[in-house]
Amino acid sequence: PAGKVAAVVAGMLAGADCIEDLDAIRSGGTAKVFGGVYAPATLGQFLREFTGGHVSQLASVARAHLVGLVGEVPDLLPGIETRALVDIDSLLRPVYGHAKQGASFGHTKIAGKTVLRRGLSPLATTICTGVAPPVVAGIRLRAGRAGSSKKAASMVREGVHLALELGATRGKVLVRGDCAYGNTSVARAARAAGARFSLGVVRNPAVDRAIASIPQGAWVAVDYPGAVFDPDTGELISDAQVAEVEYTMRPDTKDELTARLVVRRVRDRARTGVDQTTGELFPVWRHHPFFTDTEADTADADITHRQHAVVETVFADLINGPLAHLPS
């Protein structure tokens, strides 16, 4: 098994993006230099025999490899002892083969609209610092119909524990995610592992009441160091207003959790009442709340949370690359 796993990794490094392309490792004099060079059919059959336990073992090896790599290359994650950011996200990767294991219809957004698409749903975590780009901490491949937050709590625990192994300081690790992960199970998993959280939340009547309770004088302007994408329109925005209020998630239950509800609001140009001669008549706002227990001030907490959107591009590049063609 070790030789076959190494052969698959070697093929990916050589540019293979499907099982047939793993034949690249048999080119030239590779077989004379290295032992354990296998045919693509052999490697494909090996991968199709994986069970959930085998995947967990390989994930453990990958985490140990990253720890060893950082030990050999300290510049890979500089500054991790003062600040570590663990991001979690998922995608729906379309597949087209009728016999593809695990393929099923799931919800995804295309051009801002929610649609059903047949595919697989990878869940991934990354680790980065304030000065270092993200590295992959873990990946799980799930059925397309799996909800975005399925198994997210355990992924967060593994990601935080890995960050601590890599040299992060307990209490200085921040877990970030969008509204798919804004629930008490993920937040409590982050806390139990020794991290703080910054998670988007879905708008509902309770959240809307909390937003409405914020005094108008509490809103302050925030300028982003770089333009960020608006999740509703896909447009770039570079300024907004932020405020916060205390919020209790799932009150009067065993999962009750109280923290800060930080709200970012931006102008909704499409719905603002406008007089063409005098300009804007009254502003209409779109609100984007997230739940956090960080100690940063409101503006800094919002800027840090919004930087999660930058990391999302890493997930897209990863899932749309070689991993898209591996058998499930």
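Scroll up for the structure.
Asks: I'm lost on helix α7 (residues 205-212) in this one. Help?
Replies: Looking only at α7, the buried set comprises V207, A210 and I211. Taken end-on, α7 shows its buried residues confined to a sector of 100 degrees, consistent with a single buried face. Turned more than 90 degrees away from the buried face of α7, the exposed residues are P205, R209 and A212.

Asks: Before we go on, may I ask you to explain the environment of V311 in this structure?
Replies: One can find V311 in helix α9 (residues 308-319). The buried category is assigned to V311, whose relative accessible area is 5%. Not counting residues up to four positions away in its chain, the partners in contact with V311 are D87, T126, P134 and R176.

Asks: Would you take a moment to explain helix α8 (residues 298-306) for this structure?
Replies: Since the α-helix advances by 3.6 residues per turn, residues separated by three or four positions end up pointing in the same direction. Taking burial as the measure, the 9 residues of α8 include 7 buried ones, the bulk of the element. Where α8 is concerned, the buried positions are T298, A301, D302, I303, T304, H305 and R306. Two to three positions downstream of the cap, the backbone nitrogen of A299 sits 3.3 Å from a side-chain oxygen, assigning the N-cap of α8 to D297.

Asks: Teacher, can you tell me more about the packing of aromatic side chains here?
Replies: The geometry of two aromatic rings is summed up by the distance between their centres and the angle between their planes. Under the criterion given, the structure shown has 3 aromatic pairs. Among the aromatic residues, those joined into a cluster by ring pairs are F197, Y247 and F291. If you follow R265 out to its NZ or CZ, it ends over the ring of W219, 4.3 Å from the centre. Taking NZ or CZ as reference, R265 lies 3.9 Å from the ring centre of W285, over its face.

Rules used in this analysis
- Residue numbering note: each chain is counted from 1, following its sequence as written.
- Side-chain atom pairs in this predicted model are given and counted only at pLDDT of 80 or more, local residue features only at pLDDT of at least 70, and totals for whole chains, interfaces and linings cover all residues.
- Calculated side-chain values reflect all of the structure's heavy atoms, with hydrogen atoms and water omitted.
- Burial classes follow relative accessibility: with a 1.4 Å probe on protein chains only, a residue under 20% of its type's maximum area counts as buried, one over 50% as exposed, and anything between as partly exposed.
- Put simply, DSSP marks the helices as runs of H or I at least four residues long and the strands as runs of E at least two long, and each gets a number from the N terminus on.
- Directions from the helix axis toward the C-beta atoms define the arc.
- In this description, contact between two residues means that some pair of their heavy atoms is separated by no more than 4.5 Å.
- Any pair of nitrogen or oxygen atoms within 3.5 Å is treated as a polar contact; in protein, a donor-acceptor pairing is required on top of that, and neighbouring residues in sequence qualify only through side-chain atoms on both sides.
- Stacked, tilted and edge-to-face are the three classes assigned to paired rings of Phe, Tyr and Trp, where Trp is represented by its six-membered ring and a pair needs centres within 6.5 Å; plane angles under 30 degrees give stacked, over 60 edge-to-face, the rest tilted.
- Two conditions define a charge sitting above a ring: the NZ of Lys or the CZ of Arg must be within 6 Å of the ring centre, and it must be within 35 degrees of the ring normal.

The analysis is restricted to geometry; functional conclusions fall outside its scope.
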